[in-house]
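Here are the chains, one letter per residue:
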Amino acid sequence: FVYAATYELFPGGFASAKNLTWNTSNGQYSSEASTAIAQWSGIASNVSFVKSSELLDHELTISPGLINSTTANNLGMTTFYRNGTQISPTMIVNANVVWDKAVCVRYNSDLLDTFEKKTATTTHEIGHALSLAHCADQNACIAKGEYHIMHQTIKTSYVPTAYDIAKLKYKW
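Help me understand the overall build of the protein in this model?
In terms of regular secondary structure, the protein is built from five helices and eight strands. Shown N-terminal to C-terminal, the secondary structure of the protein runs as helices and strands in the order β-β-α-β-β-β-β-α-β-β-α-α-α. Relative to its full complement of 172 residues, the protein shows a buried share of 47%. Accessible area of the protein: about 8600 Å², with a carbon and sulfur share of 52%.

Listed below in structure tokens is the structure:
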């Protein structure tokens, strides 16, 4: 393991990650979303999820996204909100900002051609909602054959690694 001080985390996050309400934006991706949520459940005592019966009023939304010229090189994206206003990515990375809603989008990319790849991307985006950032030295990890869920690449496993789990426990 890497020492906790070097874990890549966003300084802020939800005020509490206990009983985060979630749902998909329109009923799509339900199996994928449930599987991805399950990957983060039970890891840290302060992180838990409750599926909301409401389609609009919850803290974590998992949504499909369409590929266009702006998103062509992306597999997914998480957007953060406070009091209905989007928080700038610069603030997420650099400031101790608290958000009350996160929208995790998994784009309909041809590169994500299996359930495992789609779910891995959704699991990755939920990791961002839980304040986990990308791995700082992805090339070094890849050279060692390590593919953490928070790597910025196509993954064939949607299960967080020991490193991802340690990051989540350290944060929460």
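Please clarify how the side chain of threonine 79 should be interpreted in this entry.
Within the secondary structure layout, threonine 79 lies in strand S5 (residues 76–82). Apart from the residues lying within four places of it in its own chain, the contact partners of threonine 79 are Gln86, Lys101, Ala102 and Val103.

Just checking my understanding: could you explain the packing of helix H1 (residues 30–40) against helix H3 (residues 115–129) for this structure?
The relative placement of two packed helices comes down to the angle between their axes together with the axis-to-axis distance. It is at 8 Å that the axes of H1 and H3 come closest, and there the two elements cross at 50°. One finds that H1 runs oblique with respect to H3. H1 and H3 meet at a crossing whose hand is right-handed. Residues Ser31, Glu32, Ala33, Thr35, Ala36, Ile37, Gln39 and Trp40 of H1 form the contact with H3, whose participating residues are Phe115, Lys118, Thr119, Thr122, Thr123, Ile126 and Gly127.

I tried to follow the environment of leucine 130 on my own but got confused; where do I start?
Among the secondary structure elements, leucine 130 is positioned in the loop between H3 and helix H4 (138–143). Counting along the chain gives 114 residues from leucine 130 to serine 16, while the straight-line C-alpha distance between them is 9.7 Å. Leucine 130 has contacts with Ala17, Leu20, Trp40, Val47, Phe49, Leu168, Lys171 and Trp172, leaving out every residue within four places of it along the chain.

Help me understand H1, please; the structure alone is not making it clear to me.
Along H1, the residues classified as buried are Glu32, Ala33, Thr35, Ala36, Ile37, Gln39 and Trp40. Looking at the buried positions of H1, the neighbouring elements they touch are strand S2 (17–24), strand S3 (47–51), strand S4 (60–65), strand S8 (101–107), H3 and helix H5 (162–171).

Which parts of the structure should I look at to understand the pairing of S8?
Walk down a regular strand and you will see the side chains alternate between the two sheet faces. Summarising burial for S8: six of the seven residues are buried, a large majority. In this sheet, S8 lies alongside S4 in parallel orientation, the contact comprising six bridges. Its bridge partner lying in S8, serine 63 is registered against valine 105. Strand direction decides the pairing type here: S5 and S8, joined by six bridges, are antiparallel. Residue pairing in the sheet places threonine 78 in a bridge with cysteine 104 of S8.

Thresholds applied
Residues numbered from 1 in each chain as written. Predicted model: local features only at pLDDT ≥ 70, side-chain atom pairs only at ≥ 80, totals over all residues. Heavy atoms only, no water. Helix = DSSP H or I, 4+ residues; strand = E, 2+ residues; numbered from the N terminus. Buried < 20%, exposed > 50% of the residue type's maximum accessible area, 1.4 Å probe, protein only. Areas by Shrake-Rupley, 256 points an atom, 1.4 Å probe, with all protein chains shown as cover. Contact = heavy atoms within 4.5 Å. Axes fitted to C-alpha atoms, helices over the stretch in contact; angles between N-to-C directions. Parallel < 35°, antiparallel > 145°, perpendicular 65-115°, else oblique. Left-handed = near helix turned anticlockwise from the far one by under 90°. Pairing = 2+ DSSP bridges.

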